Amino acid sequence: MTDTDRGTQRDRNSAFYLFTQQNLPACKPVLTPEWVFMTFLFIGFIFIPVGLVTLRASHSVVEIVERYDIGCVPEPFRINKVSYIQDDSIPKNCSLSFKVPKYMKAPIYIYYQLDNYYQNHRRYVKSRSDKQLLHGQNQHGISSCQPVEVNNDRPIIPCGLIAWSLFNDTFTFIRNRAELKVNRKNIAWKSDREHKFGKNVYPFNFQNGTLIGGGKLNPRIPLSDQEDLIVWMRTSALPSFRKLYGRIEKDLDVDDVVVVHLMNNYNTYSFGGKKKLVLSTTSWLGGKNDFLGLAYVFIGSSSVTIAVVFTLLHLLSHRH
Amino acid sequence: MSGWGTPSRTVTLGRVQPQSPALRTIYCNHREANFAHRYKGNSISTTKYNVFTFLPKGLYEQFRRVANLYFLMVSILSATPYSPVHPITNMVPLSLVLLFSLIKEAFEDWQRFQNDMTINNSLVDVLQAQGWESLQWKKLQVGDIIRVKQDGFFPADLLLLASTNVDGICYIETANLDGETNLKIRKALERTWDYVTPEKACEFKGEVQCEQPNNSLYTFTGNLVVDNQTMPLSPNQILLRGCSLKNTDYIVGTVIFTGHETKVMMNSMNVPSKRSTLERKLDKLILALFSTLFSMCLLGAIGSGIFIDRKYYYLGLSQSVEDQFNPSKRFLVIILTMLTLLTLYSTIIPISLYVSIETIKFIQSSQFINKDLNMYHAESNTPASARTSNLNEELGQVEYIFSDKTGTLTRNLMEFFKCSIGGEMYGTGMTEIEMGVAERKGIKVQEAKTSTNSLREKGFNFDDVRLMQGAWRHEPNHDACKEYFRCLAICHTVLPEGEETPEKIRYQAASPDEAALVLAAKNFGFFFYRRTPTMIYVRESHVEKMGKTQDVSYEILNVLEFNSTRKRQSVVCRYPDGRLVLYCKGADTVIYERLGTGNDDLNKVTRVHLEQFGSAGLRTLCLAYRDLAPDLYESWNEKFITAKSSLRDREKRLDEVAELIEKELILIGATAIEDKLQEGVPNCIQTLSRAGIKIWVLTGDKIETAINIAYACNLLNNEMKQFIISSETDAIREVEERGDQTEIARFMKEEVKKQLKQFLDEAPQYFCSPSGPKLALVIDGKCLMYALEPSLRIMLLTLSLNCSSVVCCRVSPLQKAQVTSLVKKGARKITLSIGDGANDVSMIQAAHIGIGISGLEGMQAVMASDFAIAQFRFLEDLLLVHGRWSYIRLCKVVMYFFYKNLAFTLTQFWFTFGTGFSGQRFYDDWFQSLYNVIFTALPVVIVGLFDQDISSSLSKKYPELYKEGVRNMFFNRRIVAIWACFAVYQSLVFFYFVSLSSSTSRDSDGKMFGLWDVSTMAFTCVVVTVNLRLLMMCNSITRWHYISVGGSIIVWFVFIFVYSGIMTRFDRNDNMFWVIYVLMSTSYFYITLLLVPVAALLGDFLYLGVQRWFFPYDYQIVQESHKDDADSINTPDSQETKEHLTPDEARSNAISQLPKEVSKHSGFAFDSPGYESFFATQFGKYVPPKAWDVARRASMKSKSKPK
């Protein structure tokens, strides 16, 4: 304000002048009923089609879910399932069969689903050592692996609760008495395989303790190739989750009967967790999940409804 | 003189006073001798910090904020194993906030430092080796002899040794100290008068023994020892730092107190910092957030205590387990999880809120308020200035304005406007009030009065060809004219200043009325140009014959001073030809009582004129004279001298003696001075009252003047029911005459109580009826004193709150403050005080917002104020535009912060339920730490700066919109609840939409997402939604909105691209590696990114639409009715709002400006200095002897004459 000559025309149009005088060019949207109506209608017109397309994609997916955690426990042990699963002397093999309801086009993805399994528990999530997984034994940063970091004073590779509790049920699929080949390669994210798990890191001293949490690892295969482990260690967001087991690269026809021979090794009985086997095809949007489509359709249709109601209210009320 | 202490209430000690030794000895002109005492240097520092103390002190200041302290605690907590998050999560935002605040502090302190440096480096002449040498102020030392030139500031507290004026006198202006602009006199001891030249001064070897530095401005005790002769020193010889030299070529003085030991520095008090109401409400909101946080933590902690169980073998709980997860110590689990969750949910407290608000307010005040051309006063080159940035939004909620009158509503510019001489009225001007009357009668008012009079200057707004340029000689009553002009030129206590020519001279007067009168005399050709203690010199034109000028000197024999009881002032003077005359001017009542017999016609006509002047809002004085016979005078003078020298009751006896001679006066005529209203005051007041603001006038003026001004300002009108509580009733006067103080007090209290009760009973019948008149209360200071007593206070408050305007007259500064705090505390309304003088300081500090009028008078009011504006009318812009916008903006900012943190934190909360209440974090550490400070920080600041619901011209056109702020419509429980509901809804959408939709494979390759993929997806949705929500709440969207909102979203993506793309060998969780690329390779990402924000914002959008259309705010209606207006760039000078008055409005406007129909009061008013000091002492501040009072010195001189 030192210059008293109140500014030349040039000054007056400068951004700073407009800023200090609070006269910056601005659009001043006023939310008139027309706007509200149009916006809702627009949302409706976008969302309903998108929702229908999404729903269609979801419905095109054929999904078979078989719960097996109870069925696979022999009758006498049903009262005390925990003792059954913890008793190594009892054979754990089990088989179930199902009929394919619809034609399933290869690849057919095989998942195991665990419910009520808190893979996202804080104690669990942090019990791993990313450094060790990538760089192996010479790294000392394994204190985070508590309580499974050492056994007999020697470090465990891979350490931590997550690796220790590796899922170890196995599945073989038989159709028409011929085994369906399950491709178990490339089931983990590429970035995980290549950057998080070392090519030169081999399992060591793993599951050698008194308590066995889950699966064992072949000490001759580097971690980067232990895809089961890699999948398992990408911890899930919710206590109910699926993990990819493998792929069947053959189409399944309607009414094909598939028999699954499985080793029911993994203990979910102590905490009442469910185990399910899932066979699913995919669409461009992934597996079967109606949620997105339904949400789209719901929001789209409620937008249209609101638009109509709003218009009616507007016409009935006498503002102005 | 030293008996008056400064009350501790008004003074806070800057520093601890050095206690010993009790005496300071200064060797003048002898640096070596003084060196031993190690006196402090003269450099000052007002900075808060220095290089070393900056960090500790600055950090301490920062951690006094609860939010910062909380985050410090949380940061410490997050370094413990109980924390689910890495310490950086809370450290980063805290350090960013601290860094920003510290930089701001450092910048402000740097500016103070620069300021200090300029002062410290200014130059002053110091005596060194026979000559004056320029030296920087900071190098000055105690004992130095220095020279200060005219208009220069004193660099330290000085002992005046000599002055170029005769008698060792110098004049100083103390405006920086006490806000008084009149000159004060300081006089050196006679012994030191001669040390004016450097040669002489070099010889001066004296020793000053004085008190140690202290903060009392008006006391000084000490001795000057020269050649073993001890002379006492008094404040009269002391020149204080901060004052400036006037009317004197230069003075020589010796330095006694330097730097921080000067009295002004020891008096520097910290202005009590005010916090806005909004901020105090914000504290409550934060408190509510804390309790929400606590309940969330408690819920989660209890959950975790129940959940934890050995059956979850995969958690490895069977062996030795740390306490936090130990199922056998469930209670401990609960406690520790509590800590865990506390760190996890810390984001619910918006850490960057305060710093954002501060930034916004700082820019608002420094860029918008300070630079607004609408509030720039071109004439005085004064922009508005926000002296604090704390109170911007408070300006949008003001309900009561307390205004000073003089200098605030009026210009403190007295203009000689009309006169009545010998029964003839002169003067052609029309006052605003008269114009209002004329306008009502339909007479077109010609604004032609300016051009004709070329002589017109400030203070003289008079034109009449019958008097100007000597034309008065041809008037039939030219003798009366001559006496009239002489009376004006002689009977006063004005000091001429500057060159002795009519063009250059300036008159220094204690009262602006006097200056105007002397100025008038000058313009009539009686030019008063010099005053010595005994003489007044007047250059008289046209007396002998037209065009001839002659210098006449009048000997001033006695001055009978003005005071509030006498209401008149007289001067006895001797003409060069020996004629002895007493000239008298004063209130019509007192003059008329003392008129001699005869001349009844003249007296009657003049009285009619006086009444006309009064009803036109002019201030009147009567002029009279009396020829004295020499013997009569001599005998009287003896009585006068005895009275003058009497020790007891001097004032009273002087008054009595004056009565003896002030009689048998002959009336000459009357003056009428216009107390000019500030520009645009009536319009502004009308606009403000339409905005629901109630304006109270608190003035030291008399009841009549106050009422008159209130009329002129639209505050009172004839349709109002007026309640007047005055002490000027016959009953009270009667009791007063009896003189029993306790009786008077009792009686007045009864009287006041009676009246209050009566009015309270009456009031409901007026404001209950819808069309009833508005109420107004007028109360004077004496009655107010009783009405403010605790027992009557409530009644006063109830009555005055029901009145639409209140006028308090004759109130002391203390009462002004009392009235202000009565409303502030009693009614819990937001108050604003506006004033210009030192007497308004207490009121300015008492109110929520203090506004100083910057411009003419001293700086005291401005220094105490929160905002300074040059004109009262700028209040309209300050409140209706800046205040309103600031309030709305700040509310939006606060609510938005509340919302975005709540919504974000709640997603985390919902996740906790799915993790066995373990306190696992949903988001990556960096997401959480940067959410507040990077991804959502800037747009909200942009809104805080740019949002405009309606343009500034519309804000002023519809002042009613301001009421929304007064009612606090944008930040109340309902609004908070609504935002909270939407935050909960949105957080549910964020969490469940994303997590549920990702429960099956989301990749055509059948691979599954893990925790971090889901959380990144959710976080992306949160960032996008929250930023879009901001756009939805904007009323105006500039390019900067798009840039900041778009920028924030882009910054998030850039961040996550980089963050998940690189992997270092250093300490880093590689959870996030490649996550965003994995996500973005799926179509799911895009589908969700469209769905979630729309779904989340649908509710808000619906609410906004419904709210606007079915329950609109007032501003929204205005928006709609003006949405088709072309975006008129409202130029700063546009006065469109004022021109757009409808005929009806204009008419009511004009009508409301009318004065009371018939006012019998004759408009006497005169600012007597004695009056001011009366209040000053009542307030507890000692005012130094009236140094402007040359006349007193003149009369002192005359005392010695008869010897």
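Conventions we followed
Residues numbered from 1 in each chain as written. Chains lettered and ligands numbered in written order. Predicted model: local features only at pLDDT ≥ 70, side-chain atom pairs only at ≥ 80, totals over all residues. Heavy atoms only, no water. Helix = DSSP H or I, 4+ residues; strand = E, 2+ residues; numbered from the N terminus. Buried < 20%, exposed > 50% of the residue type's maximum accessible area, 1.4 Å probe, protein only. Contact = heavy atoms within 4.5 Å. Areas by Shrake-Rupley, 256 points an atom, 1.4 Å probe, with all protein chains shown as cover. Disulfide = S-S within 2.5 Å. Expected span 1.5 Å × (residues − 1). Phe/Tyr/Trp six-rings, centres within 6.5 Å; stacked < 30°, edge-to-face > 60°. Lys NZ or Arg CZ within 6 Å of the ring centre and 35° of its normal. Domains from an automatic or database assignment. Salt bridge = Lys/Arg side-chain N within 4 Å of Asp/Glu carboxyl O.

### Some remarks on the overall build of chain B
Counting its regular elements, chain B contains 42 helices and 34 strands. Within chain B, the proportion of its 1203 residues that are buried is 60%. By sequence separation, contacts in chain B at least 24 residues apart represent 75% of the contacts at least 6 residues apart. Put simply, chain B shows about 47200 Å² of open surface, and 57% of that area lies on carbon and sulfur atoms.

### Description of the state of the cysteines
All chains considered together, the criterion is met by two disulfides over all chains. Each sulfur in the disulfide pair C145 of chain A and C159 of chain A lies 1.8 Å from the other. Here the residue C145 of chain A occupies a position in the loop between α6 (130-135) and β5 (150-151), and C159 of chain A occupies one in the loop between β6 (154-155) and α7 (161-164), the gap between them amounting to 14 residues. C481 of chain B forms no disulfide, and the closest cysteine sulfur to it belongs to C419 of chain B, at a distance of 7.8 Å. Not part of a disulfide, C491 of chain B finds its nearest cysteine sulfur in C487 of chain B, a span of 5.0 Å. With a relative accessible area of 1%, C491 of chain B lands in the buried category.

### Remarks on helix α35 (residues 1039-1061) of chain B
Residue and element names in this part refer to chain B. Look at α35: 32 Å from first C-alpha to last across 23 residues, which is about the 33 Å you get at 1.5 Å a residue. Here α35 has its buried residues at H1041, S1044, V1045, S1048, I1049, W1052, F1053, F1055, I1056, Y1059 and S1060. On its buried face, α35 sits against α29 (925-935), α30 (938-946), α34 (1011-1032), β34 (1037-1038), α36 (1075-1080) and α37 (1083-1110).

### Thoughts on the packing of aromatic side chains
Scanning all chains against the criterion turns up 98 aromatic pairs over all chains. Ring centres 4.6 Å apart and planes at 15° place the aromatic pair F307 of chain B and Y312 of chain B in the stacked group. Residue F307 of chain B shares its accessibility class with Y312 of chain B, and that shared class is buried. Between F460 of chain B and F462 of chain B, the aromatic rings sit 5.9 Å apart at their centres with planes inclined by 45°, giving tilted as the arrangement. Here F460 of chain B matches F462 of chain B in class, with each residue buried. Over the ring of Y245 of chain A we find R184 of chain A; its NZ or CZ atom is 3.8 Å from the centre of that ring. In this structure, R147 of chain B is placed above the aromatic ring of Y250 of chain B, and the distance from its NZ or CZ to the ring centre is 4.9 Å.

### Focus on the domain arrangement of chain B
For chain B, the domain assignment lists domain 1 (140-267), domain 2 (351-362 + 887-1113), domain 3 (412-441 + 458-676) and domain 4 (701-809). When each unit is reduced to the centre of its C-alpha atoms, the spacing between domain 2 of chain B and domain 4 of chain B is 56 Å.

### Focus on the pattern of salt bridges
Residue and element names in this part refer to chain B. Throughout the structure, instances matching the rule amount to 59 salt bridges over all chains. Its salt-bridge partner being R921, residue D925 comes within 3.5 Å of it at the nearest N-O pair. R921 shares its class with D925; the two are buried. One connected set of salt bridges, linked through shared partners, spans R568, E593, R594, E659 and E662.

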